[in-house]
Amino acid sequence: MVIETDILAKNNRMAQANRALFQSKGLFVLNLVSSPGSGKTTILERTLKDLSGSCRAAVVEGDQQTDNDAVRIAATGVPVKQVNTGQGCHLDAHMVLHATDTFDLDDLDLLLIENVGNLVCPASFDLGEHHKVVVLSVTEGEDKPLKYPQMFHAADIMLLNKVDLLPHLDFDVEACKEMARRVSPGITIFEVSSRTGEGMDAWYSWLQEGIAKARG
């Protein structure tokens with residue numbers, strides 16, 4: 001327990017340094033978290049393509065192994081840095097700081113961090129981001145917020161993804177949203193489909209507002 005406390009304290013100090021750096025650059029920073037298969041990378045791909053003319057973005061891509069997702073992101077034309085964590089189940093603030101050395105932060109509006117896919121470890125680690133954004137797909141079951149309350153409590157944005165599949169599933173959208181709000185009362189929820197584009201405009205508007213505020 002003492003070791004864990006020390007690790008988190010060290011990470012939090014680094015996260016504060018990251019936050020100060022990002023603020024000095026007027027950079028809007030999001031930490032995207034989810035379980036594997038939620039569609040996180042596909043949301044990023046579509047977002048980056050659709051906003052390519054209106055904001056300057058870069059991506060830190062976290063995975064235990066492979067650079068598959070980074071290759072997909074690079075195909076959008078956006079700068080990307082792959083971070084492989086090996087046996088580690090999350091990114092930490094130190095990893096993110098070193099990853100951003102790759103980018104010219106003065107030339108960016110938006111930094112998107114795609115965390116390692118799981119709903120446990122990343123909840124405890126502040127990376128210096130403005131918001132944690134949790135992605136939940138309708139194929140996962142509406143009770144995920146109650147099964148992983150720490151993550152949903154840490155997130156203040158939820159993207160309910162793959163809503164185009166709802167006609168084919170037994171998924172209660174309102175029950176899922178109620179469970180999310182039970183563990184995070186102020187959470188903002190966007191119902192989206194990264195495949196069809198449904199609901200993505202509301203997500204983009206929120207992003208643009210955040211970018212404008214970060215610029216000051």
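Model, not experiment: these values are computed from the prediction. (Residues numbered from 1 in each chain as written. Predicted model: local features only at pLDDT ≥ 70, side-chain atom pairs only at ≥ 80, totals over all residues. Heavy atoms only, no water.)

### As for unusual backbone geometry
Trans is the prevailing form of peptide bonds, just as negative phi is the prevailing case for residues other than glycine. For the record, the criterion: Each helix is a run of DSSP H or I of at least 4 residues and each strand a run of E of at least 2, with the numbering of both proceeding from the N terminus. Three exposure classes are used, based on accessible area relative to the maximum for each residue type with a 1.4 Å probe and protein chains only: buried under 20%, partly exposed in between, and exposed over 50%.
Even without being glycine, Thr66 reaches a positive phi, approximately 70 degrees. Relative to the helices and strands, Thr66 resides in the loop between strand E2 (57-63) and helix H3 (68-74). A relative accessible area of 43% means that Thr66 is categorised as partly exposed. Its identity as a non-glycine residue notwithstanding, Lys162 has a phi of 65 degrees, on the positive side. Relative to the assigned elements, Lys162 resides in the loop between strand E6 (157-161) and helix H7 (173-183).

### Observations concerning the environment of Lys40
So the rule is basically this: Throughout, a contact is declared for two residues whenever any of their heavy atoms are within 4.5 Å.
The topology assignment puts Lys40 in helix H2 (residues 40-50). As for Lys40 and Val135, which are separated by 95 residues in sequence, their C-alpha atoms are 6.4 Å apart. Those residues in contact with Lys40 that sit more than four places away from it in its chain are Leu32, Val33, Ser34, Glu114, Asn115, Gly117 and Val135.

### Quick look at the packing of aromatic side chains
Spelled out, the test is: Put simply, two rings from Phe, Tyr or Trp (the six-membered ring, in Trp's case) pair if the centres are within 6.5 Å, and we call them stacked under 30 degrees between planes, edge-to-face over 60, tilted for the rest.
As enumerated under the stated definition, the model contains four aromatic pairs in all. On the numbers, 5.7 Å between centres and 55 degrees between planes, the contact of Phe28 with Trp206 is tilted. You can see Phe28 sitting in strand E1 (residues 28-34) and its partner Trp206 sitting in helix H8 (residues 200-215), a full 178 residues away along the chain. You can call Trp206 buried: its relative accessible area is 16%. Summarising the aromatic geometry, the rings of Phe190 and Trp203 are spaced 6.3 Å apart at their centres and angled 65 degrees between planes, so their arrangement reads as edge-to-face. Remark: Trp203 occurs in helix H8 and Phe190 occurs in strand E7 (residues 188-191); sequence separation between them is 13 residues. Judged by its relative accessible area of 10%, Phe190 is buried. Three or more aromatic residues link up through ring pairs in this structure, and these residues are Phe28, Phe190, Trp203 and Trp206.

### Observations concerning the sheet that holds strand E3 (residues 80-84)
Test applied: For two strands to pair, DSSP has to find at least two bridges joining them. Every angle, taken between N-to-C directions, lies between 0 and 180 degrees, and every axis is a line fitted to C-alpha atoms, over only the stretch in contact when it is a helix.
Strand order in the open sheet made by the seven strands is E3-E2-E4-E1-E5-E6-E7, with parallel pairing throughout. Of all strands in the sheet, those with a lone pairing partner are E3 and E7, marking the two edges. This sheet shows a mean twist of 20 degrees between the axes of neighbouring strands, independent of strand direction. By the bridge criterion, five bridges tie E1 to strand E4 (residues 110-114) in an arrangement that is parallel. Looking at the pairing, Val29 lines up with Leu111 of E4. Of the strands in this sheet, E1, E2, E4, strand E5 (131-137) and E6 are in contact with H2, which crosses E4 at around 165 degrees.

### Observations regarding the state of the cysteines
Here is the rule: A pair of cysteine sulfur atoms is labelled a disulfide when the two atoms are within 2.5 Å.
Within the structure shown, the criterion is met by one disulfide. What pairs with Cys89 in a disulfide is Cys121, and their sulfur atoms sit 2.0 Å apart. In this structure the cystine formed by Cys89 and Cys121 twists about its S-S bond by roughly -100 degrees; its chirality is therefore left-handed. You can see Cys89 sitting in the loop between E3 and helix H4 (93-99) and its partner Cys121 sitting in the loop between E4 and E5, a full 32 residues away along the chain.

### Quick look at the UniProt feature "domain: CobW/HypB/UreG nucleotide-binding" (unreviewed entry) in the protein chain
Just so we agree on the cut-off: UniProt positions are given in the numbering used here, feature names are shortened, and annotations may be inferred rather than shown by experiment.
Here, UniProt's "domain: CobW/HypB/UreG nucleotide-binding" (unreviewed entry) annotation points to residues 29-190. A helix fraction of 28% and a strand fraction of 23% characterise residues 29-190, whose end C-alpha atoms lie 18 Å from each other.

### Describing the pattern of salt bridges
Note the threshold: The rule for a salt bridge is simple: a side-chain nitrogen of Lys or Arg has to be within 4 Å of a carboxyl oxygen of Asp or Glu.
Using the criterion set out here, one finds 16 salt bridges in the structure. Among the ionic pairs, Lys40 bridges to Glu114, the shortest N-O distance being 3.8 Å. You can see Lys40 sitting in helix H2 and its partner Glu114 sitting in strand E4, a full 74 residues away along the chain. Notably, a salt bridge pairs Lys177 with Glu174, separated by 3.5 Å at the nearest N-O pair. One end of the pair is Lys177 and the other is Glu174, both in helix H7 and three residues apart, which spans about a single turn. What you see here is one network of salt bridges that share partners, running through Arg56, Asp107, Asp109 and Arg215.

### Topic: the pairing of E5
Of all seven residues in E5, six are buried, a share of seventy percent or more. The pairing of E1 with E5 spans five bridges and is parallel. Among the inter-strand pairings, Leu30 is bridged to a residue of E5, identified as His131. Pairing of E5 with E6, which is carried by five bridges, proceeds in the parallel orientation. Of the residues in E6, the one forming a bridge with Val134 is Met158.

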